[in-house]
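# Results of the structural survey
Listed below, chain by chain, are the residues.
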Amino acid sequence: MRVMAQMAMVMNLDKCIGCHTCSVTCKQAWTNRTGTEYVWFNNVETRPGQGYPRRYEDQEEWRGGWELNKRGRLALKAGGRLRKLATIFSNPKMPSIQDYYEPWTYDYATLTDAPAQEHTPVARPKSLISGKDMKIEWSSNWDDNLGGSAATALNDPVLRKVSDQVRMEFEQTFMFYLPRICEHCLNPSCAASCPSGAIYKRTEDGVVLVDQDRCRGWRMCVSGCPYKKVYFNHRTGKAEKCTFCFPRVEVGLPTVCAETCVGRLRYIGLVLYDADRVLAAASTPDEHDLYEAQRSVLLDPNDPEVVREAERAGIPHDWVRAAQRSPVHALINTYKVALPLHPEYRTMPMVWYIPPLSPVVDVVRDTGEDAEDSGNLFAAIDALRIPVEYLAELFTAGDVAPVERVLKRLAAMRAYMRDINLGRDPDASIPASVGMEEEQVYDMYRLLALAKYDERY
Amino acid sequence: MDGSLTDALVRSRRYFTRRGEVSDDLRTLTRTGGRQADDFYRDRWSHDKVVRSTHGVNCTGSCSWKVYVKDGIITWETQQTDYPSVGPDKPEYEPRGCPRGAAFSWYTYSPTRVRYPYVRGVLLDMYREGKRQHGDPVAAWAHVVDHPQRARAYKAARGKGGLVRATWDEAVEMVAAAYVHTIKKWGPDRVAGFSPIPAMSMVSHASGARFTSLVGGSMLSFYDWYADLPVASPQMFGDQTDVPESGDWWDAGYLVMWGSNVPVTRTPDAHWMTEARYRGQKVVVVSPDYADNVKFADEWLAVAPGTDGALAMAMGHVVLKEFFVDRQTPYFTDYTKRYTDLPYLVTLDAVGDAHRPGKFLTAADLLTHEDVENAHFKPVLLDGRSGEPVVPNGALGHRFGETGAGRWNLDLGDVDPLLSLLEPGAESVLVELPRFDHVDGTPGSLRRAVPVRQVGDRLVTTVFDLMLAQYGVGRDGLAGDYASSYDDATAPYTPAWQEAVTGVPAAAAARIAREFARNAEESRGRSMILMGAGTNHWFHSDTIYRAFLGLTTLTGCQGVNGGGWAHYVGQEKCRPITGWAQLAFGLDWKRPPRQMIHTAYWYLHTDQFRYDTFSADTVAAATGTGRLAGLSTADVIAKSARMGWMPSYPTFDRNPLDLADEANESGRPVAEHVVDRLRDGSLRFAAEDPDAPENFPRVLAIWRANLLGSSGKGNEYFLKHLLGTDSSLRATEAGESQRPRDVVWHDEAPDGKLDLLLSLDFRQTSTTVFSDVVLPAATWYEKHDLNTTDMHPFVHSFNPAIAPPWQTRTDWDAWQTIATKFSELAAGHLGTRTDVVAVPLLHDTPDAMANPHGVVRDWKLGECDPVPGVTMPKIVTVERDYAAVGDQMQALGPLLDKLGTTTKGVTYDVTASIDYLRAKNGTVRGGAAAGRPSLARDVHACEAILALSGTTNGHLATQGFKTLEMRTGTALHDLAAEHEGKQITFADTQAAPVPVITSPEWSGSETGGRRYSPFTINVERLKPWHTLTGRQHFYLDHDWITELGESLPVYRPPLNMGALFAEPELGSTGELGVTLRYLTPHNKWSIHSEYQDNLFMLALSRGGQTIWMSDRDAAKVGVQDNDWIEAVNRNGVVVARAIVSHRMPEGTVYMHHAQDRLIDVPIAETSGKRGGIHNSLTRILVKPSHLIGGYAQLAFAFNYLGPTGNQRDEVTVIRKRSQEVTY
């Protein structure tokens, strides 16, 4: 056992309102400058939707992340380093600016400066790349709130996998939001892709950074990251990425995106993991087992042996204490409601997500699935509007069972708490039905619902 | 890991890196310490200071922000997280904010920033020429505006570029000259000011409002104008609007979001909703589209737009049937007996072979009571024990007068009010009830029996019995057109009936109603409806809301934490309302101020009345008696004005200063002189001839607002008639038979009525580009101010992160500059004059008893005498020393010492606060304000607001409750006692958001740190509502309400624009395109027009004006996503790009409102002019019943009651246009 510490995040998508405050505060703080106009370290995607950059999840196209080769061994999907060196000057797996979006501004000054003229002055869009007039045809968040659409749905790589479940009809509309930052993976393919050794994980907290001095601008990291969360600054010619706000985290402040999240859905915490087991876990043969494998790499911070090993590894005692009270650890491994994004990329991402509940589809409700009859006002999980298969393609490589388990736990929490809310006797059978203790459900409720500042971070 | 070559290469990295950094399994690289390479990000993060501020646009957020400053430059902002805790078992308010607010700092240095004063060049040239010729600025202004060709020249140039820089001195001199000239020539009520929503930046609002009020100008209302005022609230509660803070959503066991898209419009509060679900709250969303909040709902009811009232009525049917008739629900029965008018008696008038519900039976109808004080305002109910009529305490008649002292309360004593007259052997009669659900829109009626009794010579029934009849809930022994079952689709208001109207399955409607009521029964009132613009911006929204409030009131949810209505649109609560009002309206120097109903103002002055092709009785019921027959809407406005119901400014066809002089010369008291001249017809109300030049509005100042880019319904009418510039108006004027009867018709409509449009802003908007003078304003990060909301219980501050840059000034500073210059010029031109102010009959005063039974009496028709303050406005004289206005602006005046302050009928002695402010702010030395507390600086104004309000000054709160106790005879002052010694100072608000104090200024209690919910003081302390009965009113008995068939909750469909204005049939596809319902909901990427031009918001959306439409409608006219389209109706033309999505319902488009016209709007094919804005397709439509005044809760107060600027009933043709656009 080789204990290492990792800063990790959990986002509760069931609370995300898709407001993009995180995107704006992050952009203002970090990438509001020349060369990074198109860069959003934090972005929020409406799902179904193509994401940013478009279709980034289509690894058959972009070949990011890792795969198991014919011998079952872990290899970069884009091929080994030789291939990288061979293509270093013409990397074909790079999203173009159009795949992100062509950033623009407007000639605002004309509103003030326009001479007397026939028409009301108007500010026209001007490309920030070419400086020329342009028609705006894509943005950082073009498919916001569409819920997919005929024009864009087929380009959602996740939707394509479950397209037989989904119809783009008013009555069947569904959508939810997916905020994304760098995953600060335990097994980062960006770092492995870098010919210059410029990308590294901080030993003490696992934050993945680009050494700006060492970066040579080869952009292999951009290709290598299956989440497309490394960006190329076209002014400096260097790669840049989310830093987990390390200048803030180092002084005890949460990341900007987390602290400014008005949905109060982001949790930051330390997890301890066994660095010796990462490779084996990432090499798990069956993609459906990757979620469990990833979870199992994380160590129980209350296990005396782990504590001992952590101290031996030089992790300070207060860090171990932090790991013990970590809300992230609780949500991932105690309550088991947080899931990794695309574990099949095998990078061991360290931003985890609680999948969203959603309203029932009317068709089901109207055909007699009357929730009231069971004394429960809430709908059955199998009547939900968001196809579980879609969520499973995001979080469990297509395995619906873990997603259903999470949604049932959330629903059970609501049913259990409703009795308490209305002053009735609580019903112990509800937690039991999802394999939880009453106290556990109550504690989870406090963490998810009250979500006090000092318990979120 | 695979591959020896890869291994070799990865291993080779070890040569470039230090030992131990590459993992043993070669996957990755780790590094500790010595990371100078990352200094860039540390530098980027470092900053010099963090300043607390917020955003003062009209947004309810009231979020406290940290503004970061580095090297004297504002860098960015993040949210404060230091709100006081709401308790260990609840979520907290941190971190309030949204993406719009987070992008605000972009404005500071953006190219759209107004950095210097600007004047339209052609105007400035002519003014300079005038000054050269005449020397005097006032004469120079007259030189321009009183010369037709010159006036025409600069008015026609409005909005077409050509702004030039001016100095502050020159721009302000011209503005001041315009004010002086206008007041002198046309009268002070010909100048107007517009700035909305004071709560969001009280001092900035008060700045220009104070100046406007002190000179005698009219402040234009906003809450009714925005159609955010739910007229049902004054109708039912006698209250403007009072709602729970968002933290109280947490307390609800059942939450229906109905026309309020919380994640978008209440972004910082949305978490309370998502979190309350985890506590077992059920959430239902009613929305035509798959709105953002549907994601969080347990159920989604996709209602057809504008038919929400039908669904709510059907739910009311279920609640009444299952919880009042099939079985009695003790909690509901007790609640409605005590807190509603359900047991009160209504007289029935025989009409033909049926009866119609008439007036409330009052003490005046009882032989035993007819002589009691205010007998007409003391309604009657039957005591269930004795069966005798009784006059309960707490009526309007107890609120005023000697005998009411100690009896204005809801204590019923031994009386057990009888809800229903139905008993074995009870007599019954058929009543005729209105219905509006016919497919062709013609009003109809139906007959349903109610039990009756004879009281004296009156046949009466109870409101409850009428409610059951109205909702169609039959009972044994009662004949008539009652519903046979829930499946009876022919009878209003069954679940099956509503399904045909709304599209919501009948079973779902019934089930949600049942769940809602059951939850309320079990939790004693913790069922909540969160409602908003989607249901409140319709022409008939008052009926929609009364149907909603029927649900929350029948189930005992009003006045309960976690229950009742939660109306969230535009309702921003100015918690320290008393202090703000004194400053804003100059009440410390002059009373009364002029306050105008904004909707009627522009309806007349932008000549929209000339395009109305129907009469006011078009909206009357089949049960009406023709009281509005033959009147146009303009006639009704004029009628309301002369009867003193609603304010009307300009008031007379004469300068009110000259009117005072005339009276003086005639030797008669002014009021008598006015009455005489009105009688003989030599004096007329301006509203009777709005197109006569002497009745034009002449000067309009706009600050903190974007009238022409945001709230101006009928934008093209504004451009044409008010401004006199190009417009895309396509409507034709009403034909002769459709024109007003009383209001004068000019054959030629005037264009360019307004002489000066002044705006103060920090960015360019559709208002600034059309303005004659634009003054550069400080942003919200560059000044001191105060901020509150009803979404949370705190008061917090604005503070300057930097000084106002370039030549910008704070609003407080700018208006003082204007006032000082004005007084300098006024000294020679105006001096001291007497002004004649016509004041409407006011709510919360004895004026509300002017019209017994709400009977219409028009003196002009000889129905009564013109008696000021009874049958016409009060006539009050105000002496104005125009040369002293500059001094008055900067000091707190002496009227406060003498008259105190009055809010909602409670008067406060504020002499202690005045003494405190003398010391705190310093005292003015010399001049017209010598010895008075200073208001020279914005911080002084903040301190004055805090010291003069009960919510922020515990002494005043306690004192106010003690005053109120004398009237109610119940204990109240203990509610504020815990904070009696607390004076919140500006410094407190700078340190952190501060919770406010429970005060009689509001209806809810925060005592002991509880969450604010409205009417908890009424329910728990038996304090009456400010209504006729003192209870919540289901029944309204005013003549005009009866005429419209709205005495009881009722369903009224959206207006039929085809029938009214000959627009194409909704849903039809023709040569020109497809005709669709046109809705303008709030935008995700802006707060009204603010932020829609912000580069961050544009990058996160589609970068310009868009219209959302369904895939099905798009297919009909061949429109693809992101195609350029044009939306065209008689009001104007819009060019936008289409967003096509199946989340939109077929038949309806959304153009999110206030996208302005300045960003990427090309030339329209249809008009050849710049494409318009969302309001290019709307116009003002006035509902006659909103003009009622002078009767109980239907009495005017500013922003409390007035016609709404609704805009949801509109339709538009959508068509694809050439994809080649030009600008």
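Not measured: the values here are computed from a predicted model. (Residues numbered from 1 in each chain as written. Chains lettered and ligands numbered in written order. Predicted model: local features only at pLDDT ≥ 70, side-chain atom pairs only at ≥ 80, totals over all residues. Heavy atoms only, no water.)

Attention now goes to the pairing of strand β13 (residues 354–360) of chain B. All names here are of chain B. For β13, the buried fraction is high: seven of the seven residues fall into the buried class. Relative to β13, strand β12 (residues 345–351) is paired through five bridges, and the arrangement is antiparallel. Within β13, the position partnered with L348 by the bridge is P357. (Buried < 20%, exposed > 50% of the residue type's maximum accessible area, 1.4 Å probe, protein only. Helix = DSSP H or I, 4+ residues; strand = E, 2+ residues; numbered from the N terminus. Pairing = 2+ DSSP bridges.)

Per the domain assignment, the segments making up chain B are domain 1 (244–307 + 503–567), domain 2 (342–496) and domain 3 (1057–1216). When each unit is reduced to the centre of its C-alpha atoms, the spacing between domain 2 of chain B and domain 3 of chain B is 42 Å. (Domains from an automatic or database assignment.)

To continue, consider the packing of aromatic side chains. The tally for this structure, following the rule as stated, stands at 74 aromatic pairs over all chains. Taking the centre distance of 5.6 Å and the plane angle of 85 degrees together, the rings of F585(B) and F1198(B) count as edge-to-face. Linking F585(B) in the loop between α20 (577–584) and β21 (594–596) with F1198(B) in the loop between β37 (1148–1150) and β38 (1211–1216), this pair joins segments that are 613 residues apart in sequence. For the pair formed by F585(B) and F1198(B), the shared burial category is buried. Sitting over the ring of W138(A), R54(A) keeps its end group 3.9 Å from the ring centre. If you follow K904(B) out to its NZ or CZ, it ends over the ring of W1002(B), 4.0 Å from the centre. (Phe/Tyr/Trp six-rings, centres within 6.5 Å; stacked < 30°, edge-to-face > 60°. Lys NZ or Arg CZ within 6 Å of the ring centre and 35° of its normal.)

So, on to the packing of helix α12 (residues 308–325) of chain B against helix α19 (residues 541–554) of chain B. All names here are of chain B. Interhelical geometry of α12 versus α19 gives an angle of 25 degrees and a closest axis separation of 8 Å. When the axis of α12 is compared with that of α19, the two are roughly parallel. Crossing hand, α12 versus α19: left-handed. Packed against α12, whose contacting residues are D308, G309, A312, M313, M315, G316, V319, L320 and F324, the element α19 presents I544, A547, F548, L551 and L554 at the interface. By residue class, the composition of the contact of α12 with α19 is 11 nonpolar, two polar and one charged. (Axes fitted to C-alpha atoms, helices over the stretch in contact; angles between N-to-C directions. Parallel < 35°, antiparallel > 145°, perpendicular 65-115°, else oblique. Left-handed = near helix turned anticlockwise from the far one by under 90°. Contact = heavy atoms within 4.5 Å. Nonpolar A, V, L, I, M, F, W, Y, C, P; charged D, E, K, R; others polar.)

Below, the discussion takes up the side chain of T21(A). Looking at the secondary structure, you find T21(A) in helix α1 (residues 21–31). Exposure remark for T21(A): the relative accessible area of 0% places this residue in the buried category. Apart from residues no more than four positions distant in its own chain, T21(A) is found in contact with T260(A), V262(A), Q79(B), G97(B), C98(B), P99(B) and A102(B).

Residues and elements named next belong to chain B. Taken together, the side chains of I73, Y109 and W806 define a hydrophobic patch exposed on the protein surface, amounting to about 260 Å² of accessible area. You can see Y109 is positioned in the loop between α3 (99–102) and β5 (118–120). A relative accessible area of 31% means that Y109 is categorised as partly exposed. (Patch = residues over 30% accessible without salt bridge, like charges linked within 9 Å, V, L, I, M, F, W, Y side chains within 5 Å. Areas by Shrake-Rupley, 256 points an atom, 1.4 Å probe, with all protein chains shown as cover. Salt bridge = Lys/Arg side-chain N within 4 Å of Asp/Glu carboxyl O.)

The parts lose accessible area when they come together, and the size of an interface is often stated as this lost area. Between chain B and chain A, the contact holds 142 residues from the first and 138 residues from the second. Summing both sides of the interface, chain B and chain A together bury roughly 11,800 Å²; the carbon and sulfur share of this comes to 54%. When the buried surface of chain B facing chain A is broken down by residue, Y41(B), Y278(B) and H1142(B) rank first, second and third, together holding 8% of it. Taken together, the connections running from chain B to chain A amount to 14 salt bridges. Residues E275(B) and K15(A) are paired through a salt bridge, measuring 2.8 Å at the closest nitrogen-oxygen approach. In this assembly, chain B and chain A are joined by 56 residue pairs in polar contact (both at pLDDT 80 or more). Take the side of chain B that touches chain A: its biggest share by element is eight residues, from helix α17 (residues 506–523) of chain B. Residues that form the side of chain B that touches chain A fall into these classes: 61 nonpolar, 36 polar and 45 charged. Here strand β8 (residues 199–202) of chain A pairs with strand β1 (residues 30–31) of chain B via two bridges, running parallel. Residue R202(A) lies in a different strand from β1(B), and its bridge partner there is R31(B). (Buried area = accessible area lost by both parts, 1.4 Å probe. Polar contact = N/O pair within 3.5 Å; in protein donor to acceptor, adjacent residues only side chain to side chain.)

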